[in-house]
Amino acid sequence: MKSCPRCQRTYADDSLIFCTEDGANLTSAHDPNDTWHIPAARSTDPPVTEVIPPDQVPGYVGATQAAPTIPAPVSPTRPAHLAQPPSYHPPPAATRRNSTSWIIASVAFALVALSLVAVLGYLVLNRSTEGNKNSPPNANNGNLNRPGGNTNGNDNTDPKQSENWLAGEWHGEGAMQDGSGTWSIDVWTEDDHYAVDYPTMKCSGRWDVKSQTPTEAVLYEKFTIGKNCESGARIDVKKRSADQIGVTFTIENSDAEVVSVTLNRVSSKR
């Protein structure tokens, strides 16, 4: 039986620990009807001395007692946990971190390599198309678009085989078809071809002869200097007088006239 020291409530169930009323720890209650068991008094008399016969004494031999056996000295032993010094085990290598760093470095290297390849490809493509963009002004955007194409007009015709009425230096100015201004052109003899320069558009190149008669010539234009200058235009030249020629720019394989300009002779030789 247990009781609560606060509310003095008693409980017959000894398995309870706390009071169900106030939560105090229960203590064993005193039952006046319980039987008291007093232990027997401890004896204070000394124990009886027991005499052992001589033949039962260890090491006794006959009437003479054997010399006592001295045990061999025992060397002290070290505790098991101190028998050997603890071995050093290095921490495991951070393989996962190293693998992640290697992957990041590989991806960064691949991106740099791809960027370099892209830049080199752009530079090569830009250089190959540097002189194949636009030429003298036209009616749509103020610049005359020169037709593109792979034909450069070269053949085995030598202008020296016929009357070279194109020899010398020529100059002229053409008007924008939209009336926004003019553009200038300079042509002169240079070895086996004719050099051409458009100062207004900052484009320079050459005219290669395809055919030539005493009064007419067909040439093809090819730019070598300048940006946004497109090569491949067909140049039809007609002799008007000894000091004047008419030049017509057309698109290859088409009779559509792009623009015409009159050139006047500046000198007979460059």
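Residues numbered from 1 in each chain as written. Predicted model: local features only at pLDDT ≥ 70, side-chain atom pairs only at ≥ 80, totals over all residues. Heavy atoms only, no water.

Visitor: Let's hear about the overall build of the protein: which residues, and what values?
Guide: Of the regular secondary structure elements, the protein holds 1 helix and 13 strands. Here the protein holds 270 residues, and the buried ones make up 26% of them. In the protein, the proportion of contacts linking residues at least 24 apart, taken out of those at least 6 apart, comes to 43%. On the protein, roughly 19700 Å² of surface is accessible, and the fraction owed to carbon and sulfur atoms is 55%. (Helix = DSSP H or I, 4+ residues; strand = E, 2+ residues; numbered from the N terminus. Buried < 20%, exposed > 50% of the residue type's maximum accessible area, 1.4 Å probe, protein only. Contact = heavy atoms within 4.5 Å. Areas by Shrake-Rupley, 256 points an atom, 1.4 Å probe, with all protein chains shown as cover.)

Visitor: Go over the pattern of salt bridges, please, and point to the residues and values.
Guide: With the rule as written, the count across this model stands at 4 salt bridges. Among the salt bridges present, the one from Asp 236 reaches Arg 234, with a minimum N-O distance of 3.2 Å. You can call Arg 234 partly exposed: its relative accessible area is 30%. The partner of Asp 243 in a salt bridge is Arg 265, and the shortest N-O contact between them spans 3.2 Å. Of this pair, Asp 243 sits in the loop between β11 (234–241) and β12 (244–250) while Arg 265 sits in strand β13 (residues 257–267); the two residues are 22 residues apart in sequence, bridging distant segments of the chain. In this structure Asp 243 comes out as partly exposed when scored by relative accessible area, which is 45%. (Salt bridge = Lys/Arg side-chain N within 4 Å of Asp/Glu carboxyl O.)

Visitor: I'd like to hear about unusual backbone geometry, residue by residue, with values.
Guide: The backbone of Lys 202 sits at a positive phi, close to 60°, despite the residue not being glycine. Tracing the backbone through its elements, the reader meets Lys 202 in the loop between β8 (193–198) and β9 (203–212). On the basis of relative accessible area, Lys 202 is assigned to the exposed category, the value being 68%. One non-glycine residue, Asn 228, adopts positive backbone phi at about 55°. Here Asn 228 lies in the loop between β10 (216–225) and β11. Since its relative accessible area comes to 46%, Asn 228 is described here as partly exposed.

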